[in-house]
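An overview of the molecular structure
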Amino acid sequence: TSFEAIVDLTTNIQESIEESVKIFPNPAENTLLISSKIKTIENVRVLDSEGKLVLEHEEVKSKSMELNIGDLKPAVYNCILRFTNKDIMVVSFIKR
């Protein structure tokens, strides 16, 4: 039996999360890809520059997903990722 272990020795939890999550392409036109190497994504919320919720995906329960942003207006948005361990990460992206 073989297995893969990921050991993270950083003391800064936020830095560890940021290193393990990728959101691309940025800027994006229609689809935003979200990928987490370590943590499982529980839900995703997208807020506009005024803090209004414009997109939400509950119960993602995956380490990667595609987010359809084709209906959003061109602007800068904040993507709030909540992981199953309750960690939260906020990443900005540009919708072309």
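A quick note: this is a predicted structure, and the numbers were derived from the prediction, not measured.

Let us look at the sheet that holds strand S3 (residues 41-47). Each strand in a sheet pairs with another by means of backbone hydrogen bonds, the pair being arranged parallel or else antiparallel. In space, the four strands of this open sheet follow the order S4-S3-S6-S7, with antiparallel pairing throughout. If you trace the sheet from one side to the other, it starts and ends with strand S4 (53-57) and strand S7 (88-95), each paired once. Strand after strand, the sheet turns through a mean of 20° between neighbouring axes, direction not considered.

Put simply, the protein has an average pLDDT of 86, and 81% of its residues get 70 or more. Counting contacts from residues 5-12, a segment whose pLDDT is below 50, to residues more than four positions away or on other chains yields four contacts.

With that out of the way, let us pick up unusual backbone geometry. Here the amide bond leading from Phe 24 into Pro 25 is cis, since omega sits at -10°, within 30 degrees of zero. Along the polypeptide, Pro 25 turns up in the loop between strand S1 (21-24) and strand S2 (31-36). In this structure, the amide linkage connecting Asn 26 to the following residue, Pro 27, adopts the cis form with an omega of 10°. Looking at where Pro 27 falls in the secondary structure, it is placed in the loop between S1 and S2. Even without being glycine, Glu 59 reaches a positive phi, approximately 50°. Positionally, Glu 59 belongs in the loop between S4 and strand S5 (64-68). At Lys 86, a residue that is not glycine, the phi angle is positive and equals roughly 80°.

Rules of the game
Residues numbered from 1 in each chain as written. Predicted model: local features only at pLDDT ≥ 70, side-chain atom pairs only at ≥ 80, totals over all residues. Heavy atoms only, no water. Pairing = 2+ DSSP bridges. Helix = DSSP H or I, 4+ residues; strand = E, 2+ residues; numbered from the N terminus. Axes fitted to C-alpha atoms, helices over the stretch in contact; angles between N-to-C directions. pLDDT = per-residue confidence, 0-100. Contact = heavy atoms within 4.5 Å.

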